[in-house]
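Spelled out from the first residue to the last, the chains are:
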Amino acid sequence: MTVTGGRSGSTTQNDKDTGIGQQGTLFIVPYSDYRASVPARRKKAQTEHRRLYDVHSDAARQMRVQLDELDFLDRVEAADPILEDLINTHRTETSIAGVLRAAVRTPEDLGLTQETVIWLDRQLKAV
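Keep in mind the model is a prediction, meaning the values are calculated, not measured.

**Student:** Can you walk me through the overall build of the protein in this structure?
**Tutor:** Scanning the protein from N- to C-terminus turns up four helices and zero strands. Along the chain direction, N to C, the helices and strands of the protein fall in the order α-α-α-α. By sequence separation, contacts in the protein at least 24 residues apart represent 47% of the contacts at least 6 residues apart.

In structure tokens, the structure reads:
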């Protein structure tokens, strides 16, 4: 790269103090290149930020779903012995909600929630 202007040869003390001279005139070139690249760098950083935000939002949603499923599984596992007895007693029922209705029990009696019963019935229908 050739820089036009300036003097060739040695620089004076005044040139060194003011940044004019061989080194002073060369620094403006990389700075100008960098300054020219700022809009493109900004756009790239904004795009990446948006992408990461979307990934984060999706991951947070998936983690909430998995946490809910773990909670449901823990509750079902804890209520399993009682549920199994009730299901054996009320064999004609086709859902957990039906078994609980037939046994005149509430989900809370077994340590379950209404949401857990609905979730479990969906899981059983999917099988």
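**Student:** How should I be thinking about the side chain of Thr 113 in this particular structure?
**Tutor:** Within the secondary structure, Thr 113 sits in the loop between α3 (96-102) and α4 (114-126). Of note is the side chain of Thr 113, whose polar atom sits 2.7 Å from the side chain of Thr 116. Other than its neighbours up to four places away in sequence, Thr 113 contacts Arg 75, Pro 107 and Glu 108.

**Student:** Teacher, can you tell me more about α4 here?
**Tutor:** An α-helical turn contains 3.6 residues, so a residue and the one three or four places further along point in the same direction. Given a rise of 1.5 Å per residue, 13 residues ought to cover 18 Å, and the 19 Å separating the end C-alpha atoms of α4 matches this to within 8%. Of all the residues in α4, the buried ones are Thr 116, Val 117, Trp 119, Leu 120 and Asp 121.

**Student:** Explain the nonpolar core to me, please; I cannot follow it from the model alone.
**Tutor:** A general trend in soluble globular proteins is that nonpolar side chains are found buried together. Counting 14 residues, the largest nonpolar core has Leu 83, Leu 86, Ile 96, Leu 100, Leu 110, Leu 112 and Leu 120 as the members making the most contacts within it. Residue assignment for this core shows that the elements contributing at least two residues are α2 (22-89), α3 and α4.

**Student:** Sorry, what's going on with a negative patch on the surface here?
**Tutor:** Together, Asp 74, Glu 77, Asp 80, Glu 84 and Asp 85 line one region of the surface with negative charge. Looking at the element boundaries, Asp 74 is found in helix α2.

**Student:** For this particular structure, what's the right way to read a nonpolar patch on the surface?
**Tutor:** There is a patch of nonpolar side chains on the surface, built from Phe 27, Ile 28, Tyr 31 and Tyr 34 and spanning about 450 Å² of accessible area. Among the secondary structure elements, Phe 27 is positioned in helix α2. Take Phe 27: its relative accessible area is 58%, and that puts it in the exposed class.

What counts, and where the lines are drawn
Residues numbered from 1 in each chain as written. Predicted model: local features only at pLDDT ≥ 70, side-chain atom pairs only at ≥ 80, totals over all residues. Heavy atoms only, no water. Helix = DSSP H or I, 4+ residues; strand = E, 2+ residues; numbered from the N terminus. Contact = heavy atoms within 4.5 Å. Polar contact = N/O pair within 3.5 Å; in protein donor to acceptor, adjacent residues only side chain to side chain. Expected span 1.5 Å × (residues − 1). Buried < 20%, exposed > 50% of the residue type's maximum accessible area, 1.4 Å probe, protein only. Core = buried A, V, L, I, M, F, W, Y, C linked by side-chain atoms within 4.5 Å. Patch = residues over 30% accessible without salt bridge, like charges linked within 9 Å, V, L, I, M, F, W, Y side chains within 5 Å. Areas by Shrake-Rupley, 256 points an atom, 1.4 Å probe, with all protein chains shown as cover. Salt bridge = Lys/Arg side-chain N within 4 Å of Asp/Glu carboxyl O. Lys, Arg positive; Asp, Glu negative; His and termini not counted. Charge placed at Lys NZ, Arg CZ, Asp CG, Glu CD.

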